[in-house]
Structure formats: structure tokens, C-alpha cells
Amino acid sequence: MRFSFTDEQLMLRDSVEGFLSEHSDSPAVRAAMASNSGIDERLWEKICTDMYWQAILVPEEFGGLGLGLLEVVIVLEQMGRFLTPAPLAAGTQSALALRTVVDQPLAKTMLDDLARGQLVAFAHTAVRPHWDGQGVEIVATEVPSGWTLQGEARFIASGNSADALLVVAQIDNKLGLFRVAANQAGVAFSRMPTMDQTRPMGILQLSGVAVNGEDCLATDWGQHLEAVLDLSRIMVGAEQVGCAQASLDQSVSYVSERVQFGRTIASYQAIKHKAADMMLKVESARSLLYYAACVGDETLMATAPSADLREAAAMLASSAGDAAFFCAGTGIQLHGGVGITEEYDIQLYFKRARSMEAYLGRPDEQREVLAAMLLDGDDCHAA
């Protein structure tokens, strides 16, 4: 496959890089880490009003930009590079879920809300290692006035800052999709302690939460969950590639300045080999990222089968997760003893890489997915 960005996509990448280099530097990230939400609220407001990234996947008829997954990937790769403390991935994940039920009036309203900057988070699992429907622990019970929801969901990508939530719940042997307001009676929404303080996660606990019939978007939504998760894995891969690139850049900058035995340590062959290995990991993952994003866009346009999306997402998750962790870990080695200290940012990238490596499935689990597809005889093509 010969791939190249369009002029518009190149402009988007350059504008994102310029904006984040100005507004998402190390002091801004560290200040957000120390806040109650873990999110830079002023930056998020600026993104929503000036840059409009939250509307990339929202169709034009609902006030969005009507662009594709590739454009989202371009933005998220740079956000991973700068560790941007803004919940774009959470809102985009919800937009993907809402597009599967776009014929519902509530879905149209919520897409319009997303385009205007309201933060809607996706809550679906409470159990590791199951990220799919097996991990859904919230139970929906139908009552005369609508539904009641009971249970817990974890690993919510917005932390505790969402205005509303899209909740996946068990309905007998099926999965339903519901809208729940964050301030609703019976809702306990809190920040989840994690290793990576630059990307907050949330915990949702529902205790007899009453929702009316209009807040039920679907009662048989299980067939869409895996596709939404695969598309989400592609977005996670974009952040991981950005994290890996930043780890490489910071490490090269450090070894180019660090002097030992009268010469910069970058001049030693062993250091060059380490940097070359890091670059190989980054570029391999980036190639799979853009391939997977293209497959994701074809899936959104219903021109690619679900098996192709599953394969592309698994290949990317395997490669990008390894690349981010390898590059951040090697970066700490190249920094020496100071690499793990709070003074240097490379330790923040290591924590991001380690945390995101497990989110939505570890690299080894994704390789098992690929192996199962091959052994079962599924249509599995190499990129």
C-alpha cells in the first residue's frame, strides 16, 4: 500500500503540532496532573471552541466536521506525543458508539451535544481481562416507568469529568445502550487511581438509577460493541505511537548533550544502536497505525468487513503497545539514573506507555487474536 496524507491532512497535522507545542508543554501537563480532574479544563475549552477537534467524527448534519478516523488519528498521535491532558479520546469513542444508533432521536441530540463541546464518556466494562461483553457488569431491568440500572463500570477514559455517559448494560442475554447523566440520583462517578496521571480514568457506580424509555438507545447493541472497541484500539494506538516518538526525541536530545569521558554519549556506538532500535519500533507502529485508520474509515463507510477491522486493530495494538513501552523504557536507560526522577519527563511517558499497554487488551492478547484468526481460517491479510 502506498500511503500519503492529503494537503488538508498535512495542514491538520501541522496545526495540531503547533497548537499543542504552545498549550500542552510540560508545566501545563504537570499542573493538570495535580488537579482534581486530571484534565486541563481551559485547554479543553480552547480545543472545543477554537480547534473543533471534538467534532471530527460527528456528521455534518449534527454540527460536526464529518471527517474520518484518519483525521482523528492525526490529532491523537500528536496528543500522545505531548501527553495532552484533554479527554478527546473519550468523546470520540462515544461518537463512534452513537453513530451505530444514529437513527435514534436521542443519538442525534447527543451527537449535536458532542459537537458543541459537551463531554460524553463511554462506560462498558468492570472486569479484567475481559474488555468485551463478558466484562459488562451493569444490569438493566425494565420497569413500567422505563429502566433501572445497577452495577459498576471502570476504566472510563474521561476520568470523573463527563457531563453524561453512554452506558452498556446487560439485558438478559443481550447488551443495551443507555444515556445516564453524571449528576443523576444514584450515580457515583469518581476518578480511578492509576499509574498514569496524565490520562485520567474513571469509575462509575450505579445504584438503582432510573432512566426513562427515551434514554434507552438500543436493547440489542452487542453486535456493535466489538467494532467500537476495535476502532477505539486504533485511537489508543495513535496515542501510543505519539508517546513512542516523544520518547525517542527526548532521548536523542538528552544523549546529544550529555558528556561523558570528554565526548557526548550520543557518539558511542552502543547508544546509536539503542536509538536505531527505537526508531525502527516507532516507524513500524506508525505504518500499521495509518493502515489501521484507513481500514477503520472503510468500516465506518461499510465497505470493509468486520474481520478486516479486527485484524488491523489487533496488529496495531500489538505493535504500538510494544513500541511505546520499549521506547519509553529504553529512553529511561539512555537518561541513566535521572530518567526515573520527577525532574525529567521521560518517566511520564514510561507511565503512559505502561498504562496504555494494558488498556483494551495487552499486546500479547492481541497477538492471540491474530493467531486465532489464522488458525480458525478467517480471512486474515497481511498489511
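All figures in this text were calculated on a predicted structure; none of them were measured in a lab.

Looking at this model, I keep getting lost on the overall build of the protein chain. Mind explaining?
Each helix and strand in the protein chain was counted, giving 11 helices and 10 strands. Relative to the 2.2 N^0.38 estimate, which gives 21 Å for 383 residues, the radius of gyration of the protein chain is 21 Å and therefore close to what a compact globule would have. C-alpha atoms of the protein chain, sized along the principal axes, occupy 80 × 50 × 40 Å. A fraction of 74% describes how many contacts in the protein chain between residues 6 or more apart in sequence connect residues 24 or more apart. Within the structure as shown, the protein chain displays about 16,200 Å² of accessible surface, and the carbon and sulfur contribution to it stands at 51%. The average position of the 28 basic charges and that of the 49 acidic charges among the side chains of the protein chain differ by 8 Å.

Just checking my understanding: could you explain the packing of helix α9 (residues 306–335) against helix α10 (residues 346–358) for this structure?
When two helices pack together, you describe them by how their axes are tilted relative to each other and by the distance separating the axes. At a minimum axis distance of 8 Å, the contact between α9 and α10 shows a crossing angle of 155 degrees. Here α9 is positioned roughly antiparallel relative to α10, judged by the angle of their axes. You can see that α9 and α10 cross each other, and the crossing is left-handed. Contact residues: Gly-321, Asp-322, Ala-324, Phe-325, Ala-328, Gly-329, Gly-331, Ile-332 and His-335 in α9; Ile-346, Gln-347, Tyr-349, Phe-350, Ala-353, Arg-354 and Glu-357 in α10. Looking at the contact of α9 with α10 residue by residue, the classes come out as eight nonpolar, five polar and three charged.

How should I be thinking about the packing of aromatic side chains in this particular structure?
Two aromatic rings, taken as a pair, are described by how far apart their centres are and by the angle between their planes. As enumerated under the stated definition, the model contains eight aromatic pairs in all. Each ring, one from Phe-5 and one from Tyr-290, has its centre 5.1 Å from the other, and the planes form 65 degrees; the classification is edge-to-face. Highlighted residues: Phe-5 in the segment before α1 (7–23) and Tyr-290 in helix α8 (residues 269–300), separated in sequence by 285 residues. Here Phe-5 matches Tyr-290 in class, with each residue buried. Between Phe-19 and Trp-53 the ring centres are 5.4 Å apart and the planes differ by 80 degrees, which places this aromatic pair in the edge-to-face class. Of the two residues, Phe-19 is situated in helix α1 and Trp-53 in the loop between α3 (41–51) and α4 (69–82); the sequence distance between them amounts to 34 residues. Look at Phe-19 and you get buried, because its relative accessible area is 7%.

Conventions adopted
- Residues numbered from 1 in each chain as written.
- Predicted model: local features only at pLDDT ≥ 70, side-chain atom pairs only at ≥ 80, totals over all residues.
- Heavy atoms only, no water.
- Helix = DSSP H or I, 4+ residues; strand = E, 2+ residues; numbered from the N terminus.
- Rg over C-alpha atoms; globule rule 2.2 N^0.38 Å.
- Contact = heavy atoms within 4.5 Å.
- Areas by Shrake-Rupley, 256 points an atom, 1.4 Å probe, with all protein chains shown as cover.
- Lys, Arg positive; Asp, Glu negative; His and termini not counted.
- Charge placed at Lys NZ, Arg CZ, Asp CG, Glu CD.
- Axes fitted to C-alpha atoms, helices over the stretch in contact; angles between N-to-C directions.
- Parallel < 35°, antiparallel > 145°, perpendicular 65-115°, else oblique.
- Left-handed = near helix turned anticlockwise from the far one by under 90°.
- Nonpolar A, V, L, I, M, F, W, Y, C, P; charged D, E, K, R; others polar.
- Phe/Tyr/Trp six-rings, centres within 6.5 Å; stacked < 30°, edge-to-face > 60°.
- Buried < 20%, exposed > 50% of the residue type's maximum accessible area, 1.4 Å probe, protein only.

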